Structure formats: structure tokens, C-alpha cells
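# Inside the fold
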Amino acid sequence: MLTWFLLLLLCFIGQSSEEQRQADEVKIGAIFSFGTTNGKVARIAMEAAVQDVNSDPSLLGGRKLALTLHDSNYSGFLGIIGALQFMETDTVAVIGPQSSVMAHVLSHLVNELHVPLLSFTALDPTLSPLQYPYFIQTAPNDLFLMTAVADIISYFQYREVVAIFSDDDQGQNSIVALGDKLAERRCKISYKAILPPEPLSSRDLIVAELVKVMSMESRVIVLHTLSITGLKVFQIAQELGMMTSGYVWIATSWLSSTLDSTSVSPKVASSIQGALTLRSHTPDSPKKRAFSSRWKKLSNGSIALNAYGLYAYDTVWMIAYAVKEFFDHGGKITYSNDSNLNSFAGETMNLAALSIFDGGNQLLSNILKTNMTGVSGHIAFNADRSMSRPSFDVLNVVGKGLLRQIGYWCNYSGLSNVPPESLYAKPANRSSSSQRLDQVIWPGKTTKIPRGWVFPDNGRPLRIGVPRRVGYKAFVSEEEGTGVVHGYCIDVFLAAVKCLPYPVPHKFIMFGDGHKNPSYSQLVNMITADVFDAAVGDISIVTNRTKILDFTQPYIDSGLVVVVHVKKIKSIAWSFLRPFTPLMWGVIGAFCLLVGAVVWILEHKFNDEFRGPPKKQAVTILWFSFSTIFGAPRENTVSTLGRFVLLIWLFVILIITSSYTASLTSFLTVQQLSSSIQGIESLVTSNDAIGYQVGSFAENYLFEEVNIAKSRLVPLGSPEEYADALEQGRVAAVVDERPYVDEFLSTYCGFQKVGPEFTRSGWGFAFPRDSPLAVDMSTAILQLSENGELEKIRKKWLNRKACGGESSSADSERVLLKSFWGLFLICGVTCCFALLVYFCFMLHQFKRHFPELTQRSTSGRTRISHSVRLKKFLSFIDEKAEISANRLKRKRMEMENPSIS
């Protein structure tokens, strides 16, 4: 009996001590694939952190952290099983999982049971805190990583990249983020090579994708996978010749963590030489140095420390500080049943054993309030739960797999060659001029920055489509027998190619049957169909073509113009009157008479040549008026006012006669339109037939934009057809592009342009969308324009000496009154002013000569009437100046000596 009592007592004591031990433990779990590089490093770092936390009994109030590790071994299923086991054992937080695929799944579980899930490797940017509130990323997520990659690509001025990535959540979503960041910088992902996730990717699958990548135009490759697949890709790429000069490889942080923690074979080191990679930046600090010095002892030299080891160590401390805060505020680790799982009670899976952590929300809040300095640097969370001040080291892989730092990236100021922590005290500056990286040693051990692209199909010669024209062969043509292609457009293209800093292998392929001009729309469409790689010739840059292709800078201006037939004006007896309109002739005649009359008035009293019988004076006025047209008149002018008026009138006459002479000369040689067409407006309103060049965009423009019926449009194939159709009247006008028209008019007389150029465009070379060659060729064309080479080529091929001349007609060349109204106004004002001054002067003289007529009578004499005064005033004006002067002199003498009278 005593024996049974002792046994029961021992069992009770043992059970009580076990319960007390469990109560003194704070359980946390970790789910990783511990066979991977990051898994091995994380395991050592987390165990070291737990030991350091537990070495300070006061931290958790006498409690200890108990870390339980679960190896998922690349298996999502095993990862789920491990998480369920943790949830059954009252775990307060879980570190992991290693992959974002598992993070998406396990986040639903921890959301239900209120257990924080912290990961420093599952960095998928789409793991949103709104959808997964209990999931926390304790390292900068891949959105910042891809922003850094995009900045590097933009820094080296690359416009297209190829992305190689694993077909999992983190790979896919990170590449989507990269595409978005590249688009912000006017770059893009031209091809996505998708590989199976580890450990399913095989050599054959990798070879198949890399062969496709080799045929692409872009030579900038972003590799975003895990370490095993990534190293396979590099080795196979080297075998295929893709690690030579000209290629740019940017590996994400997987490569730096692999090289930081493990040594690679010489073969592997050779395959990654010249690649760029990134590493999460962890600033130097005493804590980091102390932990790094302990690492060799902690790992027994089995593996080296990398950035993920630092984040693993700090993640444990984040949990420890959050738990401490939880206990300091009276929190207790308790669990309650999940009502959603009651229906599963008694089932074989025992899901009812899963319980909700009552303090989970408070612990989560404490973690998000973290503000500490760990071995990885300052740790805090932004409002969106991203790590504050994310930054990366930019590294270049050099010989023997060594990493050489060439700069830094931080979200605050972009790329720089100084540590990010020294920039936060300065204003943010992300301008392109402030971005800096040190020199890179690229694949092929060259320091010359690769161009970043080659011609498609691994550098085969460009297939350039060239229109086989029937007419206007000065622009582009093929020599019979030799097959040599030449012409203005070809010379411009070849000159631009010579300006490029790299060779452009190419071959010209003629397009068209040679019997009629080919369709230029079909020619450019064959670029999109991959029949041609480019098109060179007299190709107009129009809207519908720019929607599917990229064009270079225009190398010649163009636009649609109207050409009509002209004929010589027949000379008639009255041709000399045509320069001026009837109204103009009438105004000239009126002003001649006006000026003659004004000068007669001003000169009549003082000048004998303007005196005499009325008939003689009338003849003098007429003669003086019209003789001024041919020069200075015979009669002299003696009065100041008369000379002033005559001077102004002679200036007006000079301008009028000069204009008359020029206009008459033009009329004697001018050509007259053989139709009423004056430009595109009159052409639209008429019902006449309109010619256009076969293959030109003019047909579609006239039909679709100007709404001219197709029944009115007549196709013409050569300049000879132009001339015949216009001369024979089969078409009233021809609508074509200005360069063609200039060539036509330089060869054929009797035709001319009418109206203004009614479209604005140019000719350019066509390339596929987003072709980098189009940009480089545009730069080369601008260079040719600036150095005068483009003008030399034009003079070599194109004759701009027009035979016909510019648009003119009899009516449009006539001088209108509105062209001279200002001169006539000046002349009229001068005449009025002179008359006003003259009559004021005469009135003053009249008062001196006849004071008795101008002063009011103070006696009783009879007042003199106004009519008498006016007659006396007019006779005074008509009187000769000498007579008036003598009379005034005699009056003065009589007043001085009355006896004389």
C-alpha cells in the first residue's frame, strides 16, 4: 500500500514539474528547408539568438524561448504539416517559411489562429498586410530589390531586358514588379524565360530556354531564381557562349548569398564572371562585427555568414522584445477554441486541437512597433509594414567567384558609391546626374559597357525591304544586272550606318514586281510579319504606320501638295492695265487731280506759272497732276507748303510706279492655270478627277480624311503618266508628296503647285516596335543634318531647279488698293494739313490788308455782310502777291502822311 502511495506521489511531482517547465517556456517555431544554403545559415543564427536571449533571465522575466525547428525539405506539404503541429503545441510565433508559395498558404492558417508569422526569405511583394495581417516580412521585400535592378538597367541606358525566373509565386510576382519599375523608366521586359521551381528544373529545360534567349535582340538578362537553378543557368549559358563580351547578366540576391556562404568550384566561378548581383545592405557596426567573429565557432566552419543569417538572428530578437513587452503589460499566453473548428471534433485529423492565441493581436502589434538596432542595422517598420530604409549593395563578380562592390542602392536616393547611411542626413536626390557606380568588369573581362542588344537571330544580317519603284528612281532604284541598290534614300541610310559606333550587317531585298510601284503599307506590314527586319526608302511617316512600327527621325520633310497644268497668258492690247485693279487705277487718278488742285491753290498767289486765264489754269492743273507720275513736273513750286505736298506725292508715286513695273513684268511672263483648281479646298468641292501615285498614302488620305469618292481617284505610276494625264485633261490635278512634286517640276515644264502644303510629315526608316536601332539611327540622322552631310546627299541626287515656278495667277498677281492705302492716307492728310495752314495764313494776311472788313464797327456805320467779306477774301487770295504787297505798303504811307492821299 505504501509502495503504491509513493509511486502516485512521484508521478504527481513529475507531472507538476513538467507543467511548471512548460509554463516557463515561450514556444516559437521555424519552418525552413534546412538543406539549402539559406536554411543552414538561418538555423545556426536562430539557435544562437535563442541562446543569447535565454542567457539573460531578466529579459523575459525568468521565462525562456523554446525554438522548435521543422524541415520542410522543399515540400509544401511538409511545410503545412509542420505549421499544423506548431499550432497544436501553443506556439506564439513562427519564423518562416522559406518560400513565398508556402507563405501564401500558411498566412491563411495564422490569420485564423492569430499567430504571427515572420519571414526574411519569403519576400514576394504581393504578400499584402491587408490580405495577410499576421504575416510580416523582416527583410526588404522584392519590390525594393526589383526597383534597384530597374535603376541599374536605366543607369546603363538599356531599354529592353530578358527575364529568366522560376515559375513560383515569388518569381512571377517579382518579375511583374520589375516590369512595372522598368516601365516607369521607359524600359521593358522583351521576353520572359520561365523555368520550373527547384528542384524540378532540368538541364534540357534550361538549355531550351537559353537557346530562345540567344535568338532575342536584347543581351541584358535578369536572372531571378534560387541558387541551385541559378548556378545551372550560368554554367549552361557559358557552354552556349552567352558569358562572352556583349552580354549583361544581373542576378538577384540569391547569387550574393550563395557566394557569401559557400565556395564554388573554378568552373562555376568562371561561369559567373562579370555578372552583377545585389545583397541586402547591412551597415558595419560593433554588434555586426561581434556576431561575425562568433560565427566560425557557431557554425564549426561548415558555412559562412550571409545577410540572411543576420536577418534570422534579428528576427528572433524581434520576437523576444515583443514577448517581453507583452508580459510587461500583464499579458498571459492563453488559447481558446476556434468555433469554426468545432464541427471537426472527434475526427481523425484532430483539427479541433488547433486553438486561437488570445494574445496574438497584441503580440503582432508589439512586433510592428519594433524600433531597435540589431546586427543587420536599424530595424523598424513603415506604415505599410515594409522595412524602413531598404538598401542594397551592388556587386560585381570578378575572378574566382569573388564579389567586388561597385556601389550602393537605397530607396532614398538611388545609386551611389557612398554608403546609404551617410546620405539620409542630406536632401533626397534621385536625378540622373547624381547616380553613380564604379567601373564594372563585364563578361569577357572587358570594362567597355556592352551595347545591350544585337540584331535578332543571334546577329544575322538585317533583312531590309526596299521598294522597287517604277518612277522617281533618283530616290531609290536597283541597277539592272548587278542588283546594286542606290539612290538618295539609300545613301542617307548608309551614311547614318557609318555614324554608328558598331557595325550593322545588312542586305537589301527589293519589294515589288517592277511593273508598278509597290504598296508601301504592305511593305511596312511585312516588318510586323517578321519578313523584313527594317524598311528603307521613300517611306512616309503617317499615323497608322507609327501605331505598329518605330520610325527614325525624318531625313527629309514631306507633305501632300496639289499639281495642275498651266498655260501661257495670251497678250492683249490692254495688258498694260492688268497690274492694278480698276479701283486702284481710279484712286491713283483721283489723287493725281487732288494733289494737282492742292498745289495750284498753294502756288496760285505766288507763282506766275500757276496764273492766267481760267482755261490755261485748268490745263496747268491737269498737266501738273499727271506729269508727276513720270518724274518732277516742268512747273516750279515756290511756296514751302507746295513743295512739302509735292515731296510726299512724289514718294508715293515712286512706290506705285516701282510696283507697277514689277507686276507688269510678271504678267508678261506669267503662266495661267488651265483649270479653276487653286488648292485642296477647291479640289474637294469640284467633281474633277484627281490623280495620285500608285502605292502612296495619298489615296487613303484623300478617301478617308478628305472624303473624296474613290471613283474620282485615278492611279498614276510614273512622272510621264502625270504629265500626260494633266495635259490631256484626264485629271484636273495630281496630289502627291512634295519631294516627288519637286522632282517632277524640275523635269517637266507647264505644271506648277497650287495652294499650300496641306499635310505635314516626313520620310524615315521603319523598324520593329521598340527597336534600339531606330533610336541610334535617329541620332545618326541628326548628326548628318548638323554636319551638312545630309544636304550634300540631297544635292547629289535631287534637282531643285523648278521648271514651272510657284503658284500664280492673273488675279492673284494684281496689286490691290489695300496694299497702298497707308501711302494714300499719308498723302491725303498732308494735303489737308497744307490747305489748313495756307488758309490760316491767308486769313491772317486778309486781316492786315482789310482791317475795316474784319473789325466790328464802333460807330453807326452800316455793318458789312458776310457775302461781301467772303467775295473780298476770295479775290484777295486770287490776287497776285506783289499787288497785295504794294497796296499794303501804300496804305501804310497814307497813314503816316495823310497829305499823300
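Everything numeric here is computed off the predicted structure, so don't read it as measured data. (Residues numbered from 1 in each chain as written. Predicted model: local features only at pLDDT ≥ 70, side-chain atom pairs only at ≥ 80, totals over all residues. Heavy atoms only, no water.)

So, on to the sheet that holds strand β17 (residues 414-416). Here 8 strands make up an open sheet; going across it, the order is β7-β6-β8-β9-β10-β15-β16-β17 and the pairing mixed. Bordering the open sheet on either side are β7 (188-195) and β17, each of which pairs with just one other strand. With strand direction ignored, the average angle separating the axes of adjacent strands in the sheet is 25°. Relative to strand β9 (residues 248-251), strand β8 (residues 220-224) runs parallel, the two being bridged by 4 bridges. Looking across to β9, one finds that Leu223 is bridged to Ala251. (Pairing = 2+ DSSP bridges. Helix = DSSP H or I, 4+ residues; strand = E, 2+ residues; numbered from the N terminus. Axes fitted to C-alpha atoms, helices over the stretch in contact; angles between N-to-C directions.)

This part is about the pairing of strand β2 (residues 64-71). Across 8 bridges, strand β1 (residues 25-32) lies against β2 in parallel orientation. Following the sheet pairing, Phe32 is matched in β2 by Asp71. Running through helix α2 (residues 37-54), the crossover from β1 to the neighbouring parallel element β2 is right-handed. (Right-handed = clockwise from strand over helix to strand, strands pointing away.)

Our focus in this paragraph is the environment of Thr229. Turning to its location among the elements, Thr229 is positioned in helix α8 (residues 227-239). Each C-alpha atom of the pair Thr229 and Arg203 lies 9.4 Å from the other, and the pair is 26 residues apart in sequence. If we ignore the near neighbours within four places in the chain, the residues touching Thr229 are Leu195, Glu198, Ser201 and Ile206. (Contact = heavy atoms within 4.5 Å.)

The 5 strands are arranged β2-β1-β3-β4-β5 in an open sheet whose pairing can be described as parallel. Lying at the two open borders of the sheet, with one neighbouring strand each, are β2 and β5 (135-137). Averaged over all adjacent pairs, the angle separating strand axes in this sheet is 25°, with direction ignored. Pairing analysis gives 3 bridges linking β1 to strand β3 (residues 93-95), with the strands arranged parallel. Opposite Ala30, over in β3, you have Ile95 as the bridge partner. Sheet strands touched by α2: β1, β2 and β3. Its angle to β2, the strand with the most contacts, is close to 165°. Sheet contacts for helix α4 (residues 100-113): β1, β4 (117-119) and β5; angle to β4, the most-contacted strand, approximately 155°.

Here the focus is the packing of α8 against helix α9 (residues 253-261). Viewed as axis vectors pointing N to C, α8 and α9 meet at an angle of 95°, and their least axial separation amounts to 10 Å. With respect to α9, the element α8 is oriented roughly perpendicular. Listed contacts from α9 to Ser227, Gly230, Leu231 and Phe234 of α8 are Trp254, Leu255 and Thr258. Classifying every residue of the contact of α8 with α9 by side-chain character gives 4 nonpolar, 3 polar and no charged. (Parallel < 35°, antiparallel > 145°, perpendicular 65-115°, else oblique. Nonpolar A, V, L, I, M, F, W, Y, C, P; charged D, E, K, R; others polar.)

Relative to the helices and strands, Arg203 resides in helix α7 (residues 203-214). Residue classification places Arg203 among the partly exposed residues on the basis of a relative accessible area of 44%. Excluding its chain neighbours within four sequence positions, the residues that come into contact with Arg203 are Ile236 and Glu239. (Buried < 20%, exposed > 50% of the residue type's maximum accessible area, 1.4 Å probe, protein only.)

Under the feature "transmembrane region" (unreviewed entry), the UniProt entry names residues 583-602, 644-668 and 820-841. Span residues 583-602 is 100% helix and 0% strand, its end C-alpha atoms 28 Å apart. When the span residues 820-841 is considered, its composition is 95% helix and 0% strand, and the gap between its end C-alpha atoms is 32 Å. (UniProt positions renumbered as here; feature names shortened; annotations may be inferred.)

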